[in-house]
Amino acid sequence: MIGKASLLEAIAGTNRGLLATDSDKNAIAVAIAQLEGYNPTPKPLEATALLEGNWRLLYTTSQELLGIDRVPLAKLGQIYQCIRPATATIYNIAEISGLPYLDGLVSVAARFSPASERRVDVKFERAIIGLTRLIGYQAPDRFIQDIEAGRKFAAIDFNIGNSDRQGWLDITYLDEDLRIGRGNEGSVFVLAKK
């Protein structure tokens, strides 16, 4: 699909948005809007087989996510959003590299509920921040299995209170390997299925 290739070309070299210039951001916004106009899955919440899986972030305008890279001695690694429709859960995982033996991660687990054919309300429930070697983190799937089993980690691991963090996400484009979403804070997310 030409629109998809144009978007992927526009975001190449922006390091998920960290290196995007104003000109890049404008070109990416146009490519995203064009692709959203051709969304092959107008009811993405009904397409659970497409939605299910581990999605790797290709681009975002979220300053909260991109800000992780501004922490001294930390370099933002891969960012994943892992969706499990059967349990209505989302796991956001940001890998962080630093000094030797100081690689870490920031993860948030959330529940979601459909608000419309393409919008989900998201309620954040648990945050985990720690060193990958102490947590035993190697990849998203095993880590998620440990979370779902109720494992407590040797990390900053806490439940998020009832009213603290919630929001919504519109899924504006979904196919077998690309997803675009827009969040309640105005951020856009472009993700590829891992």
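By convention here, each chain's residues receive numbers from 1 onward along its written sequence. For this predicted model, a pLDDT threshold of at least 70 governs which residues receive local features, and a threshold of 80 or more governs which side-chain atom pairs are given and counted, while totals over whole chains, interfaces and linings are taken from all residues. With hydrogens and water stripped out, all remaining heavy atoms of the structure feed into the side-chain values.

A.B. asks: Sorry if this is basic, but what is going on with the pairing of strand β7 (residues 166-174) here?
C.D. replies: Two faces, one strand: in a regular strand the side chains alternate between the faces of the sheet. Here the term buried applies to any residue with accessible area under 20% of the maximum for its type, exposed to any over 50%, and partly exposed to those in between, with areas from a 1.4 Å probe on protein chains only. Only runs of H or I of at least four residues qualify as helices and only runs of E of at least two qualify as strands under DSSP, and these elements are numbered from the N terminus. For β7, a buried count of seven out of nine residues is recorded, marking the element as mostly surrounded by other parts of the structure. Any two strands with at least two DSSP bridges between them are considered paired. Two elements, strand β5 (residues 119-131) and β7, share five bridges in a ladder whose sense is antiparallel. Looking across to β7, one finds that Lys123 is bridged to Gln166. Pairing analysis gives five bridges linking β7 to strand β8 (residues 178-183), with the strands arranged antiparallel. Bridge pairing in β8 links Leu169 to Gly183. The loop that links β7 with its antiparallel partner β8 comprises three residues.

A.B. asks: Teacher, can you tell me more about the packing of aromatic side chains here?
C.D. replies: We describe a pair of aromatic rings using the distance from one ring centre to the other and the angle between the two ring planes. Within 6.5 Å between ring centres, the rings of Phe, Tyr and Trp (the latter by its six-membered ring) count as paired, and their orientation is classed by plane angle as stacked under 30 degrees, edge-to-face over 60, tilted in between. Here the structure, examined in full by the defined rule, presents two aromatic pairs. Ring geometry for Phe143 against Phe153: centres 5.2 Å apart, planes inclined by 45°, an arrangement best described as tilted. Of the two residues, Phe143 is situated in helix α6 (residues 140-148) and Phe153 in the loop between α6 and β6 (156-159); the sequence distance between them amounts to 10 residues. The buried category is assigned to Phe153, whose relative accessible area is 7%. Linked through ring pairs, Tyr137, Phe143 and Phe153 together constitute an aromatic cluster. Here, a charge over a ring means that NZ of Lys or CZ of Arg falls within 6 Å of the ring centre while also lying within 35 degrees of the ring normal. In this arrangement the basic side chain of Arg179 is found over the ring face of Trp55, its NZ or CZ atom lying 4.9 Å from the centre.

A.B. asks: Where do I start with the layout of surface pockets in this structure?
C.D. replies: Rolled over the atoms, a probe sized like a water molecule indicates the empty space that remains. Each pocket or cavity is described by its volume, and for the second largest pocket that value is around 220 Å³. The pocket and cavity definitions rest on a 1 Å grid over protein atoms only: a 1.4 Å probe that fits but cannot leave marks a cavity, an open set with protein on both sides within 12 Å along at least five of seven lines marks a pocket, and residues lining either have an atom within 4 Å of a point. Residue lining of the second largest pocket: 15 residues in total, with Val71, Ala74, Ile96, Leu102 and Gly104 positioned closest to the centre. When residues of the lining of the second largest pocket are traced back to their parent elements, those giving at least two are β4 (104-114) and β5. When the residues that make up the lining of the second largest pocket are grouped by side-chain class, the tally is 12 nonpolar, three polar and no charged. Grid points are joined across faces, edges and corners, and a volume is the space filled by probe spheres set on the points. Following the grouping adopted for this structure description, the nonpolar residues are Ala, Val, Leu, Ile, Met, Phe, Trp, Tyr, Cys and Pro, the charged ones are Asp, Glu, Lys and Arg, and the polar ones are all others, Gly among them.

A.B. asks: Just to check I follow, could you spell out a nonpolar patch on the surface for this structure?
C.D. replies: A residue counts toward a patch only above 30% relative accessible area and without a salt bridge, and it is joined to like-charged neighbours within 9 Å or, for Val, Leu, Ile, Met, Phe, Trp and Tyr, to nonpolar neighbours within 5 Å. Per-residue accessibility takes into account occlusion by the displayed protein chains alone, with areas from the Shrake-Rupley method and a 1.4 Å probe. The rule for a salt bridge is simple: a side-chain nitrogen of Lys or Arg has to be within 4 Å of a carboxyl oxygen of Asp or Glu. On the surface, Leu73, Leu99 and Leu102 cluster together into a nonpolar patch covering about 300 Å² of accessible area. Topologically, Leu99 is positioned in the loop between β3 (89-97) and β4.

A.B. asks: I keep staring at empty space enclosed by the protein and nothing clicks. Help me out?
C.D. replies: One pass over the full model with this rule turns up two cavities of 30 Å³ or more. Put simply, the largest cavity is a space of about 50 Å³. Looking at the lining of the largest cavity residue by residue, the class counts come to eight nonpolar, no polar and no charged. Estimated volume of the second largest cavity: approximately 40 Å³. The wall of the second largest cavity is formed by Ile135, Gly136, Tyr137, Gln138, Ala139, Arg142, Phe143, Asp146, Arg151 and Phe153. Among the elements that take part in the lining of the second largest cavity, α6 stands out by supplying three residues, more than any other. When grouped by side-chain class, the residues that make up the lining of the second largest cavity number five nonpolar, two polar and three charged.

A.B. asks: Whenever I open this one, the environment of Thr89 confuses me. Can you help?
C.D. replies: With respect to the helices and strands, Thr89 occurs in strand β3. Apart from residues lying up to four places away in sequence, Thr89 is in contact with Cys82, Ile83, Arg84, Ala110, Arg111, Phe112 and Glu148. Think of a polar contact as two N or O atoms within 3.5 Å of one another; within protein, one of them needs to be a possible hydrogen donor and the other a possible acceptor, and neighboring residues in sequence only count if both atoms come from side chains. Within polar-contact distance, the side chain of Thr89 engages the side chain of Thr87 at 2.7 Å. Any two residues whose heavy atoms approach within 4.5 Å are treated as being in contact.

A.B. asks: Mind showing me how you'd approach the side chain of Asp170 here?
C.D. replies: Along the chain, Asp170 falls in strand β7. Note on Asp170: relative accessible area 8%, which makes it buried. A polar atom in the side chain of Asp170 sits 2.7 Å from the side chain of Arg119.

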